[in-house]
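This is what each chain is made of:
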Amino acid sequence: MATQSKALPHWTWDDLEAALNGFSPLGPNDPVRAHLMRGLTDDAQRATPRELLQQVLSAGWVMAQVGAQSGASATAPRHAAG
């Protein structure tokens, strides 16, 4: 069964970066975010729109996971190694 495609709003790269800042615990200063954004910037030149969308969603997921882990580790008790 075919589904109708809805047009999505147009976004600028600045809009994308601002939205992804919300996934990073340190915002634009997060080294994970900076690394992923460099990769997205490089891939944007070669990727199809669908591939780029998948990469953006994946980057947001990774940033959210890293943010959740760093938030949990900041409040979780630490155990001595060994």
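Residues take numbers from 1 onward in each chain, read along the sequence in its written order. Thresholds applied to this predicted model are a pLDDT of at least 70 for local features of residues and 80 or more for the giving and counting of side-chain atom pairs; totals over whole chains, interfaces and linings are not thresholded and use all residues. Side-chain numbers here rest on the full set of heavy atoms in the structure, without hydrogens or water.

1. Remarks on the pattern of salt bridges
We define a salt bridge as a contact between a side-chain nitrogen of Lys or Arg and a carboxyl oxygen of Asp or Glu at a distance within 4 Å. Taken as a whole and judged by the stated rule, the model has two salt bridges. Linking Glu17 and Arg33 is a salt bridge whose minimum nitrogen-to-oxygen distance equals 3.1 Å. Of this pair, Glu17 sits in helix α1 (residues 13-21) while Arg33 sits in helix α2 (residues 31-44); the two residues are 16 residues apart in sequence, bridging distant segments of the chain. Under the relative-accessibility criterion, Glu17 is labelled partly exposed at 26%. Residue Arg46 pairs with Asp43 through a salt bridge whose shortest N-O separation is 3.1 Å. Each residue is placed in one exposure class: buried if its accessible area under a 1.4 Å probe, protein chains only, is under 20% of its type's maximum, exposed if it is over 50%, and partly exposed if it falls in between. Overall, the relative accessible area of 63% leaves Arg46 in the exposed class. By relative accessible area, which is 26% here, Asp43 ends up partly exposed. Where helices and strands are cited, they refer to DSSP runs of H or I of at least four residues and of E of at least two residues respectively, numbered from the N terminus.

2. Details of the environment of Ala64
Assignment of secondary structure puts Ala64 in helix α3 (residues 49-75). Residues Ala64 and Ser24, spaced 40 residues apart in sequence, show a C-alpha to C-alpha distance of 6.4 Å.

3. Points about the environment of Trp13
Locating Trp13 in the fold gives a position in helix α1. Relative accessible area serves as the criterion here: at 29%, Trp13 is assigned to the partly exposed category. Between the C-alpha atoms of Trp13 and Thr41, which are 28 residues apart in sequence, the distance is 9.0 Å. We call two residues contacting when some pair of their heavy atoms lies within 4.5 Å. Filtering out sequence-adjacent residues up to four positions away, Trp13 remains in contact with Met37, Leu40, Thr41 and Ala44.

4. Observations concerning the side chain of Arg33
When its relative accessible area of 6% is taken as the criterion, Arg33 is described as buried. Excluding anything up to four places from it in sequence, Arg33 contacts Glu17, Asn21, Ser24, Gly27, Pro28 and Met63.

5. Notes on the environment of Trp61
Examined against the element boundaries, Trp61 turns out to sit in helix α3. Separated by 38 residues in sequence, Trp61 and Phe23 have C-alpha atoms that sit 8.0 Å apart.

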